[in-house]
Amino acid sequence: MRRWLGFVGVAFLSLGAAAKAEGPAAADEPLGWRRFPVADLVAGTRDALPDRLPWIVPPGEDDDDHPRFGGEAEEVTLPFGSTADLVERVKAAVGAPATWDREGTSIEAVEERALVVRQTAEVLEATARFLDGLRADASRSVAIDVVALAGDGAGLAAADGAAADLAAAVASGRLVPLDLARAHGRVAQRVTGRGGRQRAFVARYDVMVAKEATVADPVVGVLSEGVGFDARAWTLGPTAIRLEVRAAWGRLASMGTATGADTGPIGTPHVRGASTSAVLDVAPGAWSLLPSSGGPTDGVVFVVRATPVRPAPPPAALPSAAPVADPPEGALESASIDVSDLLAPVHPRRGRAIDLAPSGYVPPEPPELPDARPSIGADALLAHLRRTVAPATWEREGVALTLHLGRVELRQDAPRIAAVRSAVDGLRATLRAPARVRLVTVRLPLAAVPEWWTGLDEACLADGGAGLLARAGAVIVARASLRLPDGGRDASVVGTEVAYLADFATKVAEQRVGVQPVPARVLDGASEDVAFVRAGGGALLELRLDRGRVERIERTPTPHGDLDLPVLRVGKVRGSLVTAFDATHVVAADLDGDALTLTLLVVHATNP
């Protein structure tokens, strides 16, 4: 929570002062109501944990705080607290002290989705401005790129602090790209990006002895190569972004072997690696040099870039309800309105991590998924209708409003039945309007994308990146499409599941030895896990993207038979993105030799 205060405090105080300057409303000024979606303001951010790079992590040496293959933190940071907290913020910041004491006015939270406010037109507009001011701060997101390069970084950063001319250094061959990764995150959120390989190898043998029986048990390790980073960004203004970043790069230099008298061969990897960390102020969209070491021939240079994402527009102006001027009460009638679609539960679904499995490795438990929930709860739906449709008339004798088998059953006069139908249609349009999230992964020569070094601008990504996809050498690797309701989470998992003989389970008792083969499986494909919350005129997305490609499976002999040792190309992203609808973003990137792989994402608004 404390991390958010630095960038929301100024906006909150200035907006509050402006709103408080308004005078009290006249007692006879008519009241109207308005529903303010606030799910994006109470959507928390979850920090990501990076893969452990660059050095060898022996099997069994796992750390919950620094998991071998990364993960997610349990704690969620809420930028402004719950909807109940937002209610108090609005009451403290908008209007004069007596504004909310007038009879007939109200401000209430509808679950964790919206605020329903009944007030004068002036106060409703002030509330909208105040919430949009909070949204402008909380919805900022940044794309972060990290590249590891071979060569001499001396002179890359100018003495006057000017941006690094990375394109020229790469074009001249002075720096050679090794690996790269990209991730998006909201301000103050810790995000991770990863590009490289995982290699299985026999790390050692455990020998077990019982009386006259002995057995050598192979222990398989996994070596991580390539680049990985975790970063957190704070914006300081239009000319600087404060960035906290840690990056590492490693690569297998050679794999030696050693064989014991009673075992098969084990691998003795020689790993070349480098790591760096820094807190620095960077120019938006420009490359900056990270601290590094090494000479002109063996140095590893890290550069980082932080590019602000064009913010989503504020919510479309929803007209407030007409001022209260209820017609005379008429004859009571009965009506039944189907609301089963609003009450149908939405089940979140998780994707899958794509990693090789070392011996004895137990992946950390991911945070629990929330329970399935409807677009609006039954009690909240009835309360919303009572608050927004002529509240005083529900006390009339003979009037009724209930729910039964997915239908609103009501007894009211004709004008108010029509108002209830209109309110239900408004909720349906707001709550059931899904988004279509489209992802395309393309592989193409790095030389075909010179914009990677100078900035992937909107022209490059126009029309869903059609021009980029049509460039020479471009090959579409995967496509995915998710249809997500507001507040929904789903995943597309596609590819080929590859089974392999990963280990042997051995047991010894007196003179008997038991050996059981242990198969494992890994996905050669992609898992694209996305959660969606409508944010103003755009979308707040949580991204958990994994990609794996089995390059080959090597074999090594053991006393019990051959083991399979896969080499897996991996790419990972953990973060979030706030985007306008129909804008295209490159949300993942990695480099394999001179082949650049990019994942493009675009979100379209659709009708319910």
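Thresholds applied
Residues numbered from 1 in each chain as written. Predicted model: local features only at pLDDT ≥ 70, side-chain atom pairs only at ≥ 80, totals over all residues. Heavy atoms only, no water. Pairing = 2+ DSSP bridges. Helix = DSSP H or I, 4+ residues; strand = E, 2+ residues; numbered from the N terminus. Axes fitted to C-alpha atoms, helices over the stretch in contact; angles between N-to-C directions. Parallel < 35°, antiparallel > 145°, perpendicular 65-115°, else oblique. Left-handed = near helix turned anticlockwise from the far one by under 90°. Contact = heavy atoms within 4.5 Å. Nonpolar A, V, L, I, M, F, W, Y, C, P; charged D, E, K, R; others polar. Buried < 20%, exposed > 50% of the residue type's maximum accessible area, 1.4 Å probe, protein only.

Student: Residues and numbers for the sheet that holds strand β19 (residues 435-445), please.
Tutor: With antiparallel pairing, the four strands of this open sheet are ordered in space as β20-β19-β26-β25. At either end of the open sheet lies a strand with only one pairing partner, and these are β20 (475-484) and β25 (584-592). Adjacent strand axes in the sheet meet at a mean angle of 15°, parallel and antiparallel pairs treated alike. As defined by bridge partners, β19 adjoins β20 across nine bridges and the pair is classed as antiparallel. Within the sheet, the bridge partner assigned to Thr-441 lies in β20 and is Ala-478.

Student: Please set out the packing of helix α2 (residues 83-93) against helix α3 (residues 121-138) residue by residue, giving values where relevant.
Tutor: Following both chains from N to C, one finds α2 and α3 inclined at 120°, their axes separated by 10 Å at the closest point. By the angle between their directions, the pair α2 and α3 is classed as oblique. For the pair α2 and α3, the crossing hand works out as right-handed. Together, Leu-86, Arg-89, Val-90 and Ala-93 of α2 and Thr-127, Phe-130, Leu-131 and Leu-134 of α3 make up the contact between the two elements. When its residues are assigned to classes, the contact of α2 with α3 shows six nonpolar, one polar and one charged.

Student: Just give me the short version of unusual backbone geometry, but keep the residues and values in it.
Tutor: Omega for the peptide link from Leu-53 to Pro-54 comes to 0°, which places this bond in the cis form. Here Pro-54 is to be found in the loop between β2 (45-51) and β3 (69-77). Positive phi values are uncommon outside glycine, yet Glu-111 reaches one of about 50°. With respect to the helices, strands and loops of the structure, Glu-111 is situated in the loop between β4 (106-110) and β5 (114-119). Classification of Glu-111 as partly exposed rests on a relative accessible area of 30%.

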